[in-house]
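# A structural walkthrough
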Amino acid sequence: VERSYIMIKPDGVQRGLVGEIITRFEQKGFSLKGLKLFQAPKELAEEHYTELQEKPFYPELVKYIVSGPVVGMVWEGPGVIASARKLIGATNPLNAEPGTIRGDFGIQSGRNVIHGSDSPENGEREIALWFKEGELV
Ligand code: ATP
Ligand code: MG
């Protein structure tokens, strides 16, 4: 079965969007396998976005992710990686369709509410990075 690492970023938590976002994934029909609220350590945030380390916005991105508590989740189901990215919408919330999470709740790439894994390989890499075996059902 496929799994995706979904993370509500600090702005999503601060703005009180946690319940709304979890509801959308539950209503879509995916299974919740792990869930926690935590302050991301800088080292893990850097590792999470390691593929982007040459981008000009990378230092700002890491600062953003560690700027407040995040909600990390593991969702499971057939096609969950691609489906979650559809539910989330385009990276720049101004380009995200209404009805998507970013389309409904954001206006800036640098404050785009939520992360979703972009491939099954990255999904498993991110789950192993953020969760211990015993934290997942
Ligand atoms: P995520 O990996 O967080 O789900 P994504 O896959 O849609 O987002 P990526 O290209 O992986 O997009 O970029 C990771 C994150 O880096 C984006 O979600 C956004 O917060 C930030 N980011 C991407 N592009 C820009 C940009 N041009 N300016 C500022 N921040 C950006
Ligand atoms: Mg990405």
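Here, the structure is the one placed above.
Our subject in this report is the structure included herewith. This is a predicted model, so every value here is computed, not measured.

We now examine the pattern of salt bridges. For the structure shown, the criterion picks out seven salt bridges. Salt-bridge contacts for E124 lead to R3; the nearest nitrogen and oxygen are separated by 2.6 Å. Of the two residues, E124 sits in helix α7 (residues 120-130) while R3 sits in strand β1 (residues 3-8), which places them 121 residues apart along the sequence. The partner of E46 in a salt bridge is K42, and the shortest N-O contact between them spans 3.1 Å. Of this pair, E46 and K42 both sit in helix α3 (residues 42-48), four residues apart, roughly one helical turn. Overall, K42 belongs to the partly exposed group, its relative accessible area being 46%. Sharing partners across several salt bridges, the network here consists of E20, R24 and D104.

How each quantity is defined
- Residues numbered from 1 in each chain as written.
- Chains lettered and ligands numbered in written order.
- Predicted model: local features only at pLDDT ≥ 70, side-chain atom pairs only at ≥ 80, totals over all residues.
- Heavy atoms only, no water.
- Salt bridge = Lys/Arg side-chain N within 4 Å of Asp/Glu carboxyl O.
- Helix = DSSP H or I, 4+ residues; strand = E, 2+ residues; numbered from the N terminus.
- Buried < 20%, exposed > 50% of the residue type's maximum accessible area, 1.4 Å probe, protein only.

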